[in-house]
Amino acid sequence: MDFQETRLKVASESKNRSDSPEGRTVVVAEDEALIRLDTVEALEDAGYDVVGQAASGQEAIDLTRELRPDVVVMDVKMPGTDGITAATEIGKENLAPVVMLTAFSQQSLVEKAADAGAMAYVVKPFAPEKLLPALEVAISRFDQINALKDEVTDMKARFEARKRVDRAKGLLMENMGMTESEAFRWIQKTSMDRRLTMQEVADVVINNVANQNDR
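Residues numbered from 1 in each chain as written. Predicted model: local features only at pLDDT ≥ 70, side-chain atom pairs only at ≥ 80, totals over all residues. Heavy atoms only, no water.

## Observations regarding the nonpolar core
One finds Val26, Leu43, Val71, Val73, Val99, Leu131 and Leu135 to be the most contacted residues of the largest nonpolar core, which totals 21 residues. Elements supplying a minimum of two residues to this core: strand 1 (25-29), helix 2 (33-46), strand 3 (71-75), strand 4 (98-103), strand 5 (120-124) and helix 6 (128-151). Other than its neighbours up to four places away in sequence, leucine 131 contacts Thr39, Leu43, Val73, Leu101, Val122 and Phe126. (Core = buried A, V, L, I, M, F, W, Y, C linked by side-chain atoms within 4.5 Å. Buried < 20%, exposed > 50% of the residue type's maximum accessible area, 1.4 Å probe, protein only. Helix = DSSP H or I, 4+ residues; strand = E, 2+ residues; numbered from the N terminus. Contact = heavy atoms within 4.5 Å.)

## Remarks on the pairing of strand 4
With 5 of its 6 residues buried, strand 4 lies for the most part within the structure. Where strand 3 lies against strand 4, 4 bridges are found, and the strand directions are parallel. Residue pairing across strands places methionine 74 opposite methionine 100, the latter belonging to strand 4. You can see the chain leave strand 3, run along helix 4 (residues 83-92) and come back into strand 4, and the turn it takes is right-handed. In terms of strand pairing, strand 4 meets strand 5 through 5 bridges, oriented parallel. Within strand 5, the residue paired with threonine 102 across the bridge is valine 123. (Pairing = 2+ DSSP bridges. Right-handed = clockwise from strand over helix to strand, strands pointing away.)

## Comments concerning the sheet that holds strand 4
Pairing is parallel across the open sheet formed by 5 strands, whose spatial order is 2-1-3-4-5. Of all the strands in the sheet, the pair left with one neighbour each is strand 2 (49-54) and strand 5. For this sheet the average axis-to-axis angle between neighbouring strands, irrespective of direction, equals 20 degrees. (Axes fitted to C-alpha atoms, helices over the stretch in contact; angles between N-to-C directions.)

## Overview of the packing of helix 2 against helix 6
Contact geometry of helix 2 with helix 6 gives a least axis separation of 11 Å together with a crossing angle of 70 degrees. Accordingly, the angle class assigned to the pair helix 2 and helix 6 is roughly perpendicular. As helix 2 runs across helix 6, the sense of the crossing is right-handed. Across from Thr39, Ala42, Leu43 and Ala46 in helix 2, the residues of helix 6 making contact are Pro128, Leu131, Leu132 and Leu135. Residue composition of the contact of helix 2 with helix 6, by class: 7 nonpolar, 1 polar and no charged. (Parallel < 35°, antiparallel > 145°, perpendicular 65-115°, else oblique. Left-handed = near helix turned anticlockwise from the far one by under 90°. Nonpolar A, V, L, I, M, F, W, Y, C, P; charged D, E, K, R; others polar.)

## A short note on the side chain of serine 56
Locating serine 56 in the fold gives a position in the loop between strand 2 and helix 3 (57-67). Taking the relative accessible area as the measure of exposure, serine 56 reaches 16% and is therefore buried. With residues near it in sequence (within four places) discarded, serine 56 still touches Met78, Pro79 and Thr81.

## A few points about the pattern of salt bridges
Counted according to the given criterion, the structure contains 12 salt bridges. Residue glutamate 93 pairs with arginine 65 through a salt bridge whose shortest N-O separation is 2.6 Å. You can see glutamate 93 sitting in the loop between helix 4 and strand 4 and its partner arginine 65 sitting in helix 3, a full 28 residues away along the chain. Close ionic contact of arginine 164 with aspartate 203 constitutes a salt bridge, the shortest N to O distance being 2.7 Å. Of the two residues, arginine 164 sits in helix 7 (residues 155-176) while aspartate 203 sits in helix 9 (residues 198-214), which places them 39 residues apart along the sequence. Residue classification places aspartate 203 among the partly exposed residues on the basis of a relative accessible area of 22%. It is possible to trace a salt-bridge network through shared partners that takes in Asp62, Arg65, Glu89 and Glu93. (Salt bridge = Lys/Arg side-chain N within 4 Å of Asp/Glu carboxyl O.)

Listed below in structure tokens is the structure:
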């Protein structure tokens, strides 16, 4: 697979692709009613379908199990079961990607949120232009992790594969002007077309870029 061939294929395939919120389902979990309503309004105005609203972490878990949304938007601090605990439970069951909402004073919780399985986070107060891309990033990362789970069963090998795929994605984004999700979809499609693993495709991309830089 030549790097120039890769460049041409990416350029042609990327023209017709876009990440659209249309049809995406969301559960919003936020105990402060006004913030929850503002969040729901911003999401619906952007084309998302808010299928459930929760005021506690346990409610969020229950709704996510029942509704299986495309993504969950959840506040870190909530009464009873907090957002970190809820995200952990949702992640263990592989129900949906979680985007955490956190205040500036709660930055120390960001690492805990990532460890709990949150795919992205947004700092409050937020504008729609900050929240909406985070949802698409979370959905994309969730899909990528599940794709690698299907391909690599061993945890250590899966971690290595994810690192290689992430490196290849970065190179495609840098050299081809692709988004993260476009880069991953290209790697995934190429692996299927050529009957290779995604890590093997990633290695080809990485090696081709290295060879180009050496010339």
